[in-house]
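What follows is the residue order along each chain.
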Amino acid sequence: MKLPNLQWVLFSLCCYCVIINDNGVEGSHDVHPQYMSHQAARVTQLHRTSYHFQPPQNWINDPNGPMLYNGIYHLFYQYNPKGAVWGNIVWAHSISRNLIDWVALEPAIYPTEPYDINGCWSGSATILPGNRPAILYTGIDTQQRQVQNIAFPANLSDPYLTKWVKSSKNPLVAPDSSVNASAFRDPTTAWWLNGHWRMLVGGKHHKRGIAHLYRSRDFRKWVKAKHPLHSARHTGMWECPDFFPVQVYGENGLDTSAKGRNVRHVLKVSLDLTRYEYYTIGTYNPSIDRYIPDNSSADGWDGLRYDYGNFYASKTFYDPLHNRRVLWGWANESDTSSNDTAKGWAGIQTIPRTLWLDKGKKQLIQWPIREINTLRGQKFQVRNQELKTGENVNIPEISAAQADVEVEFYVPSLEKAEEFDPSWVNAQDLCGLKGSTVQGGVGPFGLLTLASEHLEEYTPVFFRIFKAKDKHKVLMCSDAKSSSLRTDVYKPSFAGFVNVDLKDGMLSLRSLIDHSVVESFGAGGKTCITSRIYPTMAVMKKAHLYAFNNGTEAVTIKKLNAWTMHTPQMN
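These lines cover the structure that appears in this document, whether it is placed above or below. (Residues numbered from 1 in each chain as written. Predicted model: local features only at pLDDT ≥ 70, side-chain atom pairs only at ≥ 80, totals over all residues. Heavy atoms only, no water.)

A word on the sheet that holds strand β18 (residues 263-271)
Then, in step 1: Strand order in the open sheet made by the 4 strands is β17-β18-β19-β20, with antiparallel pairing throughout. Two strands bound the open sheet, and with one partner strand each, they are β17 (238-247) and β20 (290-293). Neighbouring strand axes in the sheet, compared pairwise and without regard to direction, differ in orientation by 35 degrees on average.
Then, in step 2: Here strand β19 (residues 277-285) runs beside β20; their pairing, made up of 4 bridges, is antiparallel. Counted as the bridge partner of T283 is I292 from β20. (Pairing = 2+ DSSP bridges. Helix = DSSP H or I, 4+ residues; strand = E, 2+ residues; numbered from the N terminus. Axes fitted to C-alpha atoms, helices over the stretch in contact; angles between N-to-C directions.)

Structure below.
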């Protein structure tokens, strides 16, 4: 499909169904035949985002194969071209020069062959020698097996890589007798080591999650290793695995094949059973092709997460232009499938994030890519304003439904911090127990986002500080319970603990607010939470933003900057 010349001029100038459980919003491959190929007569704009990635209409899920090629960013993603629920999946394709403004191309991959006729599912991109990109993806074949396939650009001289051609050698990898053929998907970006390419494919054996390891000399013939790179008991199916190196010192990213003394590795998996993700940081031993997680965090359901909210099927890529590793993630709707179909769209990608290893070497830090700052418009600021108990401070003069806000709180004393009960191991449960209206000692304090004028609706993003045995414990919440007067949407209390030193009394929060999504970054990106919300009153120009404190200890807004966000070109 050829795009209008005007779109290219503008572009050149820019330089599963919803299931609810205690852990969050589930996406699945359950099919709704009555909706799968049903397109709305009109796309509803009320809750559509303005600066998050999404196509003009229909369903999207996993980000696939992000890459930078010859100065142009590519994002592929799972897409239903015929409706707003999961089904009819193709690899949609968009391009950008800045990760903010996007132009849609024709789908890169769609079901056509026996090895993918029943689905073209997720995968990754790898840049091969000679600057030749390759896409590895999962196909569902005529026997309903999950097999791994490859596609190449049809014309490397095409700067936009518009057309892709599947290899006649497909499938490259089919499940052998030791592999569960219905749980064998989502190949990773490959890395080169000691004369061989290596890639991972997610899987499971009974309840054990597995990262199957495959090797190849030529990227066409792949041989399964005798043992997986890693596995973990009682975690279930590992979807969308991601394996990449990080520097021990500094914030720069590394190519996926990088190695060295000052390099650690990250293994992230998406959990099919719980519909959230976890990651570990550890050591990759290339001599035996094993990954050994550090013992600084759990290797299982209680492990570290990129995001403690509505965030799944994430994928990173190395950006050599800016020497960084960039993270994409999918935020599904928290609405019903019938409502998604009526409004004509479902799903967004979160704002791309740069990620790096924290100085303590025990977790990753995430922060929105710096390009997002170019969308900032009208600004309002607050300096050195005290927030007394029960006080709300209005943040005016910006579009509160489409905003970026950064705030630094100063807590002068921690003496009033509540005692922390060691049984409070689940942050989400604790947030549900001690919400933004439950008065504490130090906190809750933070922001009331997407709020109606008289607070009939609001989504609080806040901190609460407890006094534990040998240190203070910081809880961060994004609580959707009061986000909407509607009763037919999922409104969870998402939360995570923040590993932060409070010796200087400072605690920072950033929230990206975009009509039906709030992405929040606590303590400079140590803890991140994404919420999807559907207000009925706090919409468009009727949305408000407040800073608040419901703790008995007064806190001070040392610095608050809030901006209206402009709308980029979006597909």
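Quick notes on the sheet that holds strand β6 (residues 103-109)
Then, in step 1: Spatially, 5 strands are ordered β6-β5-β4-β3-β23 in an open sheet, and the strand pairing comes out mixed. Strands at the two margins of the open sheet, each flanked by one partner only, are β6 and β23 (345-346).
Then, in step 2: Here strand β4 (residues 72-80) pairs with strand β5 (residues 90-96) via 7 bridges, running antiparallel. Looking at β5, one finds that Y79 is bridged to V90.

Some remarks on the pairing of strand β39 (residues 555-565)
Then, in step 1: Of all the 11 residues making up β39, 9 are buried; the element is thus mostly covered by neighbouring parts of the structure.
Then, in step 2: In terms of strand pairing, strand β27 (residues 376-387) meets β39 through 9 bridges, oriented antiparallel. Bridge pairing in β39 links E386 to T556.
Then, in step 3: Where strand β29 (residues 402-410) lies against β39, 8 bridges are found, and the strand directions are antiparallel. Each bridged residue has a counterpart across the sheet, and for E406 the counterpart in β39 is N561. (Buried < 20%, exposed > 50% of the residue type's maximum accessible area, 1.4 Å probe, protein only.)

Things to note about the pairing of strand β8 (residues 132-140)
Then, in step 1: With 8 of 9 residues buried, β8 lies mostly within the body of the structure.
Then, in step 2: In the sheet, strand β7 (residues 120-128) pairs with β8 via 7 bridges, with the strands oriented antiparallel. Of the residues in β8, the one forming a bridge with G123 is Y137.
Then, in step 3: In sequence, β7 turns back onto β8 through a hairpin of 3 residues, with G130 there showing a positive phi of about 85 degrees.
Then, in step 4: Alignment of β8 against strand β9 (residues 146-153), held across 6 bridges, turns out to be antiparallel. Across the sheet, residue T138 finds its bridge partner in β9, namely Q148.

Considering the environment of G71
Then, in step 1: Note on placement: G71 falls in the loop between β3 (58-69) and β4.
Then, in step 2: Taking relative accessible area as the criterion, G71 reaches 35% and is therefore assigned partly exposed.
Then, in step 3: With 26 residues separating them in the primary sequence, G71 and R97 have C-alpha atoms 6.9 Å apart.

Here we look at the pattern of salt bridges
Then, in step 1: Scanning all chains against the criterion turns up 28 salt bridges.
Then, in step 2: Note that D289 is salt-bridged to R198, the shortest N-O span being 2.9 Å. In this pair, D289 is assigned in the loop between β19 and β20 and R198 in strand β13 (residues 196-205), connecting sequence segments 91 residues apart. Neither residue differs from the other here; D289 and R198 are each classed as buried.
Then, in step 3: A salt bridge links D289 to R215, with the shortest nitrogen-to-oxygen separation between them at 2.8 Å. Here D289 is found in the loop between β19 and β20, whereas its partner R215 is found in strand β14 (residues 208-216), with 74 residues between them in sequence.
Then, in step 4: For D289, a relative accessible area of 1% corresponds to the buried category.
Then, in step 5: Here R215 falls in the partly exposed class, since its relative accessible area comes to 27%.
Then, in step 6: Salt bridges sharing common partners tie together E333, D335, D340, K343, R486, D488 and R532. (Salt bridge = Lys/Arg side-chain N within 4 Å of Asp/Glu carboxyl O.)

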